[in-house]
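# Summary of structural features
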Amino acid sequence: MTELLALDLKARAMHAIALDGSRVRTLVEGLDATPDGIVVDHQRRHIYWTSMGAPDAPFAPGGEPPFFHRNGKIERVDFAGENRTTIVPAGAFTTGKQITADFERGRLYWCDREGMQVLTCALDGSDLHALVITGNGPEDAVVARNWPVGICVDPDRGLVYWTQKGAPKAGDGRIFRAPLELPEGADPRARDDIEPLWQDLPEPIDLELLGDGTLVWTDRGKAPEGNTLNRALVDPEPGPPQMLSSGYREAIGVAAVDESRFYVSDLGGSIRLVDLSDGTDEVIARPGGPLTGLALADLG
């Protein structure tokens, strides 16, 4: 039976929720501070999630400009919510945001917000390296325009997509893509194969790529363009964005059932179903506190 998995910031818990919102159960408790992104491996029956740690705790030894603690991490549990395992321990990156995977190749991909990186590693945490670095040094780390947040991959075309959200109410959000493999000898700080897709967005967050070559994303920025669910064609060529749903309280996670049916979580604590085939656009659950990452899982 397919359920929604949602990360609850206040409860520091992972909830499993019926698709109609009729049942909510807590699958994992005691998550580290600020869980953010989640992805499900149905083949191996594992759930991975990121934690941001304490990214907003700058310190300035020796009078240097502030920088951020590298205490983001990635953990994993099985479908029963048991056998909790740390995959990437604190110290390897700064701020774990949205996460995705190519489970056929055995790779995780995620964004490190204040670390200003798009990162990848093997499913056991080994071979961790940056694909893209969007800024350098502590001065860049406090500029929200450099912050990557949402991520998805297209294994068939060998592409990674990510958002850089920009500051709140700045209208400076952007979405990019680049080849999934870092060219041999290339510097992730200076890739010349990055393609900007859209700019001047309110504050784009989570991404999903659909099978018909369409990208969908949430935006938590200022209305009317922000606090929305959006989509645009990316294959064979990028097309203009289209708003699908609005009125969220800082939209974060998106989980797509198919090309017309989506679930969206927000920091207001609600999960909304948007079904383009019949015009449904309604809140189906309020499981707890502010909600971040969202994923579909057949836990049965």
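Right above here is the structure, for reference.
These notes cover the structure that comes with them. (Residues numbered from 1 in each chain as written. Predicted model: local features only at pLDDT ≥ 70, side-chain atom pairs only at ≥ 80, totals over all residues. Heavy atoms only, no water.)

With that settled, the discussion passes to the packing of aromatic side chains. Under the definition given, this model contains four aromatic pairs. Taking 5.6 Å as the distance between ring centres and 20° as the angle between the ring planes, the aromatic pair formed by W162 and F176 counts as stacked. Here the residue W162 occupies a position in strand β13 (residues 159-164), and F176 occupies one in strand β14 (residues 173-179), the gap between them amounting to 14 residues. If you follow R113 out to its NZ or CZ, it ends over the ring of W147, 4.8 Å from the centre. Over the aromatic face of Y248 sits the side chain of R272, whose NZ or CZ is 3.8 Å from the ring centroid. (Phe/Tyr/Trp six-rings, centres within 6.5 Å; stacked < 30°, edge-to-face > 60°. Helix = DSSP H or I, 4+ residues; strand = E, 2+ residues; numbered from the N terminus. Lys NZ or Arg CZ within 6 Å of the ring centre and 35° of its normal.)

What follows is about the sheet that holds strand β11 (residues 129-133). Read from one edge to the other, the open sheet built from four strands follows the order β8-β9-β10-β11, with strand pairing classed as antiparallel. At either end of the open sheet lies a strand with only one pairing partner, and these are β8 (96-102) and β11. With direction set aside, neighbouring strand axes in the sheet form an average angle of 25°. Here six bridges tie strand β9 (residues 107-112) to strand β10 (residues 117-122), and the two strands are oriented antiparallel to one another. Residue pairing for β10: D112 is matched across the bridge by Q117. (Pairing = 2+ DSSP bridges. Axes fitted to C-alpha atoms, helices over the stretch in contact; angles between N-to-C directions.)

The subject of this paragraph is the environment of M1. Position of M1 among the secondary structure elements: in the segment before β1 (2-8). Given a relative accessible area of 57%, M1 falls into the exposed group. As for M1 and L299, which are separated by 298 residues in sequence, their C-alpha atoms are 6.5 Å apart. When residues no more than four places from it in sequence are discounted, the contact partners of M1 are R23, A297, D298, L299 and G300. (Buried < 20%, exposed > 50% of the residue type's maximum accessible area, 1.4 Å probe, protein only. Contact = heavy atoms within 4.5 Å.)

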